[in-house]
Amino acid sequence: MMLSTVSLRPYQEAAINSLIGSFRSGHRKSVLQVPTGGGKTRIATVIIQMALHKGNRVLFICDREELINQTSAAFDAAGIDHGVIQGNHWRSKLAAPVQVATAQTLARRRWPDVGLVIWDECHTVYQTVLKQMDKWNKLKFIGLSATPFTKGMANNWDDLVIGSTTQDLIDQGFLCPYEIYGPPPADLTGVKTLAGDYHQGDLAKAVSKKNIVGDVVKTWLSLGEGRQTICFAVDVAHSKHIVSEFQRYGIKAEHIDAYTDSDDRRKALEDFAAKRIQIISSVDILTKGYDQPQASCLIMARPTKSLIIHIQQIGRVLRIADGKENAIILDHGGNTERHGFPTDPLPDRLDEGKKKQQSESKKKPESLPKACSSCHYVKPAGVHECPQCGFAPEKQTMVESTDDKLVKIERVSTAEKGRWFAMFLGYAKDRGYSDGWASHKYKEKFGVWPHIKHGVIPTSPDSEVLNYIKHLNIKYAKSKKPKPVATHCRYCNSTDLVTAPGSGPHGNQLRCGSCDKHLQWLPKQDAVSQSYRRSA
């Protein structure tokens, strides 16, 4: 029974009931997944009211400072008595039954005594919260996220409750339909990964070198239809450059970043909401939690390796609003080709992996002092503004525009993709190949990895799939230069070489008859008629 004055949509009420069921089944730490724009804060408000009715105090954890006031306003609208734990915030009220705080603030403060913790955007990992989860091992924790795909989340959470999907909410009219325009995929070979996404410095160089961004302004003038637009750029310099180009065309645009004065940033967002400016551009400061339903165009002027960032950024423009019929997504970074559509099936369980530890050899080298380019004073490492003369050099963007035209990307249905993946799995099973083989063939066909890998039942491939696999095999055979068969062992230099059975697509293998080392895979047609034997 919902003890709340807040009205809920049917899927929101069902999500809360599923969450309650998760706890009743014995779970203590459960993640509720609801798409961006699906009303996570509204759901949290009702959960808080239910907890208060039982006499429990609640702590609501925000991902960052910008979301504190937005959350507080939502609680005010619902009549929830609450305080804010943050510096000298005017809403500080430690006696209130509900406390709102950021994870960063909680790392420096004593945690309030509560009976329930709700962690918004819980896919963003904060060790201070994870440690408290272990310390309060009797308390219930609820994680909220549209994208709970962070590597290793299953090691910290007990259960994933899927409240709804983006496609369901579009079908029900709670999110708006969309069109995506994009270029051919970018070649990002050699771009390193940092914290699950492309390294910004390497990315800027790769984008400039390959000229894949396209002319952002001209594309928007052609396809953006003068809409309220959110832009995500490669780096701060690139974002500022895009804004200056829009302004050069007489279009009102503003850039914001983490270093923008808080009053200036607030004014820029207010001007965007009031349509006094049309374009708001940043790197990723608006990726999570920013709620402006009137925004109906997204410029993705940066490639991203992160499925989380891809889905979160698209979600900024899928909210419904009066007079808003659809959203236009201008994908200059080839992210749709890389990750698929936001309505494609997403992972249906928490990841059990572990993040790779950075080796000593790959760690970022220590920063060194640099001379100021204006007065030549040697600045300490990491200091941007010269303490001697105050000069702060403005970084110039390395990203160049091209005249490439974006084209509308048509979506293959989820059912059709699932059918192909099931038949790839069936083909692999019949021939003793791994499931990874099926995943690679799926990516060759659709340009993205299958997000759903569990619970798919392998089926026998039809003639269309068999012909496609045959086509790939012929294409591969024509491109593959014959590899000369080894004549001696590279380990012991013996010429006593024998063949042995191979595995998967490899018909045979070549091994050393003296030291029994594997030397080379052999396709069936290259195998010699010699039985395998081990050295005595």
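Just so we're clear, the structure is a prediction, and the values are computed from it rather than from any experiment.

Here's the deal with the overall build of the protein chain
Looking only at helices and strands, the protein chain has 15 helices and 21 strands in total. Within the protein chain, the fraction of its 536 residues that count as buried is 49%. In the form shown here, the protein chain has an accessible surface area of approximately 27900 Å², with 50% of it arising from carbon and sulfur atoms.

Considering the nonpolar core
Counting 57 residues, the largest nonpolar core has Phe-60, Ile-118 and Ile-230 as the members making the most contacts within it. Ranked by residue count, the leading element in this core is helix α2 (residues 40–53), at seven residues. Not counting chain neighbours up to four residues away, the residues in contact with Ile-118 comprise Ala-44, Ile-47, Ile-48, Val-58, Leu-59, Phe-60, Ile-61, Ile-142 and Leu-144. Among the nonpolar cores identified, the runner-up in size contains 22 residues, and Leu-59, Trp-119, Tyr-126 and Leu-160 belong to it.

Some details on the sheet that holds strand β7 (residues 159–162)
With parallel pairing, the seven strands of this open sheet are ordered in space as β3-β4-β2-β5-β6-β1-β7. Looking at which strands have only one partner, the edges of the open sheet turn out to be β3 (82–85) and β7. Pairwise comparison of adjacent strand axes, ignoring direction, gives a mean angle of 20° for this sheet. Looking at chain direction, strand β1 (residues 29–33) and β7 are connected through four bridges and run parallel. Bridge pairing in β7 links Val-31 to Leu-160.

Describing the side chain of Arg-319
Here Arg-319 is to be found in the loop between α11 (307–315) and β15 (327–331). Here Tyr-290 takes part through its backbone oxygen, which lies 3.4 Å from a polar atom of the side chain of Arg-319. Ignoring any residue separated from it by four or fewer positions in sequence, one finds Arg-319 in contact with Thr-36, Gly-37, Leu-175, Cys-176, Tyr-290, Asp-291, Pro-293 and Lys-324.

Digging into the packing of helix α8 (residues 216–224) against helix α9 (residues 236–248)
The relative placement of two packed helices is expressed as an angle between their axes plus a distance between the axes. Between α8 and α9, the shortest axis-to-axis distance is 9 Å and the interhelical angle comes to 55°. When the axis of α8 is compared with that of α9, the two are oblique. Pair α8 / α9 crosses with right-handed handedness. In this structure, α8 contributes Val-216, Val-217 and Trp-220 to the contact, and α9 contributes Ile-242, Glu-245 and Phe-246. Partitioned by chemical class, the residues of the contact of α8 with α9 number five nonpolar, no polar and one charged.

Topic: the confidence of the model for the protein chain
Averaged over all residues, the pLDDT of the protein chain is 84; the fraction at 70 or higher stands at 81%. Low confidence marks residues 358–362, where pLDDT is under 50. Its contacts with residues over four positions away, or in another chain, come to two contacts. Under a pLDDT of 50 for its full length, residues 526–536 has, in the predicted model, 19 contacts with residues more than four places off or in other chains.

Quick notes on the pattern of salt bridges
Scanning the entire structure with this criterion turns up 16 salt bridges. Across the pair Asp-63 and Arg-64 runs a salt bridge, and its minimum N-O distance is 3.3 Å. For the pair shown, Asp-63 and Arg-64 are each scored as buried. A salt bridge links Glu-179 to Lys-408; the nearest nitrogen and oxygen atoms lie 3.7 Å apart. Taken together, the residues Glu-179 in strand β8 (residues 178–182) and Lys-408 in strand β18 (residues 407–408) connect sequence positions 229 residues apart. A relative accessible area of 39% places Lys-408 in the partly exposed class. When salt bridges with common partners are traced through the structure, they connect Glu-416, Arg-419, Asp-462 and Glu-464 into a single cluster.

A few points about the packing of aromatic side chains
If you walk through the whole model with that rule in mind, you get 13 aromatic pairs. Ring centres of Tyr-11 and Phe-174 lie 5.5 Å apart, and the angle between their planes is 50°; this geometry places the pair in the tilted category. Of this pair, Tyr-11 sits in helix α1 (residues 10–24) while Phe-174 sits in the loop between α6 (166–171) and β8, and the two are 163 residues apart along the sequence. Centroid distance Tyr-427 to Trp-437: 5.2 Å. Interplanar angle 15°. Geometry classified as stacked. Linking Tyr-427 in helix α13 (residues 414–431) with Trp-437 in helix α14 (residues 435–446), this pair joins segments that are 10 residues apart in sequence. Classification of Tyr-427 as buried rests on a relative accessible area of 9%.

Focus: the sheet that holds β18
Across the sheet, seven strands lie side by side as β12-β13-β11-β14-β15-β8-β18; this open sheet has mixed pairing. Edge positions in the sheet fall to β12 (253–255) and β18, since each has one partner strand and no second. Pairing of strand β14 (residues 297–300) with β15, which is carried by four bridges, proceeds in the parallel orientation. Each bridged residue has a counterpart across the sheet, and for Ile-299 the counterpart in β15 is Leu-330. Contacting β11 (229–232), β12, β13 (279–282) and β14, α9 crosses the sheet at an angle of about 165° to β12.

Cut-off values and rules
Residues numbered from 1 in each chain as written. Predicted model: local features only at pLDDT ≥ 70, side-chain atom pairs only at ≥ 80, totals over all residues. Heavy atoms only, no water. Helix = DSSP H or I, 4+ residues; strand = E, 2+ residues; numbered from the N terminus. Buried < 20%, exposed > 50% of the residue type's maximum accessible area, 1.4 Å probe, protein only. Areas by Shrake-Rupley, 256 points an atom, 1.4 Å probe, with all protein chains shown as cover. Core = buried A, V, L, I, M, F, W, Y, C linked by side-chain atoms within 4.5 Å. Contact = heavy atoms within 4.5 Å. Pairing = 2+ DSSP bridges. Axes fitted to C-alpha atoms, helices over the stretch in contact; angles between N-to-C directions. Polar contact = N/O pair within 3.5 Å; in protein donor to acceptor, adjacent residues only side chain to side chain. Parallel < 35°, antiparallel > 145°, perpendicular 65-115°, else oblique. Left-handed = near helix turned anticlockwise from the far one by under 90°. Nonpolar A, V, L, I, M, F, W, Y, C, P; charged D, E, K, R; others polar. pLDDT = per-residue confidence, 0-100. Salt bridge = Lys/Arg side-chain N within 4 Å of Asp/Glu carboxyl O. Phe/Tyr/Trp six-rings, centres within 6.5 Å; stacked < 30°, edge-to-face > 60°.

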